[in-house]
Amino acid sequence: MTRKYFGTDGIRGRVGQSPITPDFVMHLGFAAGKVLVADESVRGKHKPGERPAVLIGKDTRISGYMLEAALEAGFSAAGVDVCLVGPMPTPAVAYLTRALRLQAGIVISASHNPFYDNGIKFFSRHGTKLEDALEARIEAGIDEPLVCVQSAELGRARRIDDAAGRYIEFCKSTFPNDLDLRGLKIVVDCAHGAAYHIAPHVFHELGAEVVAIGAEPNGLNINKDVGATAPAALSKAVLAHQADLGIALDGDADRVMMVDAAGQVYDGDQLLLALVRSRLRQGPVSGVAGTLMTNLAFEHALAGLNVPFARADVGDRYVLEMLREKRWLFGGENSGHILCLDKHTTGDGIVSALQVLSALREEGGDLASLLGQLTLYPQLLINVPLVKGFPWQDHPLIGAVLQEVESALLGQGRVLLRASGTEPLLRVMVEGQDAEKVRAAAEKLAAAVHEAVKS
């Protein structure tokens, strides 16, 4: 599907530049509201005269206030009620939308991006990402005139004051009732993001001694040198506090990275394998979905466990689509998105961390022991700035160097070129068993892309 506004994870961009402007976001809310009002299959059955209602949450970016007001105005103009929860993790919005029987959930967040970016993503009433066809219908309505409903039909807005407490209890419910975290000292890095007032409480209420970092958002510091995209801060804090382990979330708390007592970082592939190995001790695992970026060693490890594996396009929504298609429960990305569909409808950093902690409590040992003999292959990712619309797939220089690089790896590695769905970047990834060959290949290919874009 050709998308005008929606990327792989909603609509995202620089605040103040199209499309992340107040007028656009108001039109987006109105267009989405009209889809909800018109389609019973989207909003569910309602009594005559009953208005549909949506939930709006956000992360801690300063622009969230402005965009929240614009969205609220758009939905109200379409005759849709709005429930506001303030700063709230993306997976919390998915859960609350489903638990409160609302028609959609909207998150104002740019996830792991810097504070000057922001975005809008949608969840269905079932707590899942919207299907492409629905996004296309919303897009089709964005550029149409905004014609406000009659005053008596306008949507109302209210704030849900106990949203954080509801979500904390949900997260705790995914951890076994007969286990606790007593005796563990855990550093929790909230990335100055949406989980700053939630994640520390979850782990503390389960019995852990919690040291919170990245928990002082000021609107401008989200993801800055902390969180899942900058795990060095967590490693340093774990060592400084002599903690047993650390947990790092990203700005909207749908990603997770973990650190052991020695400061070693464990990414999404490693944590997902730990979960799968633990689940295998309880019974069969029908299969696992990864992405084009999933480490080849992870795939080989699953083969050794006789667990089927399949790769989806990059993006947790595509992993989820594959899991549904194959009726599997587990999947994820090395960036830290982990899907445990036996616990939640979407990727959830806190819930995923709790599943790893559950495995540690049940089996003893440490993170390294949960992984068995897994050693990730060296993988280097270089982001190259890309001019929008640049035809990199057909560029002769890029094609020639790509062929040369693949030949040099002698079948002992992988090369992937992929345009980002959320930023104007071409992601150059090379993976293989020889770290020096991987580095040389990635740098050579990235240099070719730079040259091609400049010419």
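Residues numbered from 1 in each chain as written. Predicted model: local features only at pLDDT ≥ 70, side-chain atom pairs only at ≥ 80, totals over all residues. Heavy atoms only, no water.

Asks: Looking at this structure, I do not really get the environment of A289. What am I missing?
Replies: Positionally, A289 belongs in strand β12 (residues 288-291). Given the relative accessible area of 0%, A289 is considered buried. As for A289 and V25, which are separated by 264 residues in sequence, their C-alpha atoms are 33 Å apart. Leave out the neighbours within four places in its chain, and A289 touches L272, F309, A310, V319, M322, L323, W328, F330, G331 and G332. (Helix = DSSP H or I, 4+ residues; strand = E, 2+ residues; numbered from the N terminus. Buried < 20%, exposed > 50% of the residue type's maximum accessible area, 1.4 Å probe, protein only. Contact = heavy atoms within 4.5 Å.)

Asks: Just checking my understanding: could you explain the packing of aromatic side chains for this structure?
Replies: Each aromatic ring pair is described using two quantities: the centre-to-centre distance and the angle formed by the ring planes. A full pass over the atoms with the stated rule returns six aromatic pairs. When the centroid spacing of 6.2 Å and the interplanar angle of 25° are considered together, the rings of Y167 and F170 count as stacked. Pair noted here: Y167 and F170 are both in helix α6 (residues 163-173), with a separation of three residues, about one helical turn. Classification of F170 as buried rests on a relative accessible area of 10%. On the basis of an interplanar angle of 70° and a centroid distance of 5.7 Å, the ring pair of F298 and F309 is categorised as edge-to-face. Within this pair, whereas F298 is found in helix α10 (residues 296-304), its partner F309 is found in strand β13 (residues 309-312), the two being separated by 11 residues in sequence. Judged by its relative accessible area of 1%, F298 is buried. A residue is classified by how much of its surface remains accessible, and F309, at 19% relative accessible area, is buried. Among the aromatic side chains, those forming a connected cluster through ring pairs are Y95, Y167 and F170. Above the face of the Y65 ring, K58 is positioned so that its terminal group lies 3.8 Å from the ring centre. If you follow R317 out to its NZ or CZ, it ends over the ring of Y318, 5.7 Å from the centre. (Phe/Tyr/Trp six-rings, centres within 6.5 Å; stacked < 30°, edge-to-face > 60°. Lys NZ or Arg CZ within 6 Å of the ring centre and 35° of its normal.)

Asks: Sorry, what's going on with the pattern of salt bridges here?
Replies: Opposite charge on two side chains permits them to pair, given that their charged atoms come into close proximity. Tallied over the entire structure, the rule returns 25 salt bridges. A salt bridge links D81 to R51; its shortest N-O distance comes to 2.8 Å. Of the two residues, D81 is situated in strand β3 (residues 81-87) and R51 in the loop between α2 (40-43) and β2 (53-58); the sequence distance between them amounts to 30 residues. Overall, D81 belongs to the buried group, its relative accessible area being 18%. Its relative accessible area of 25% is what places R51 among the partly exposed residues. Residue R279 is joined to D342 by a salt bridge in which the shortest nitrogen-to-oxygen separation is 3.2 Å. Remark: D342 occurs in the loop between β15 (338-340) and α12 (349-363) and R279 occurs in helix α9 (residues 268-280); sequence separation between them is 63 residues. For R279, a relative accessible area of 12% corresponds to the buried category. Ionic contacts of the salt-bridge type, sharing partners, join the residues D9, R12, K121, K129, D252, D254 and D316 into one network. (Salt bridge = Lys/Arg side-chain N within 4 Å of Asp/Glu carboxyl O.)

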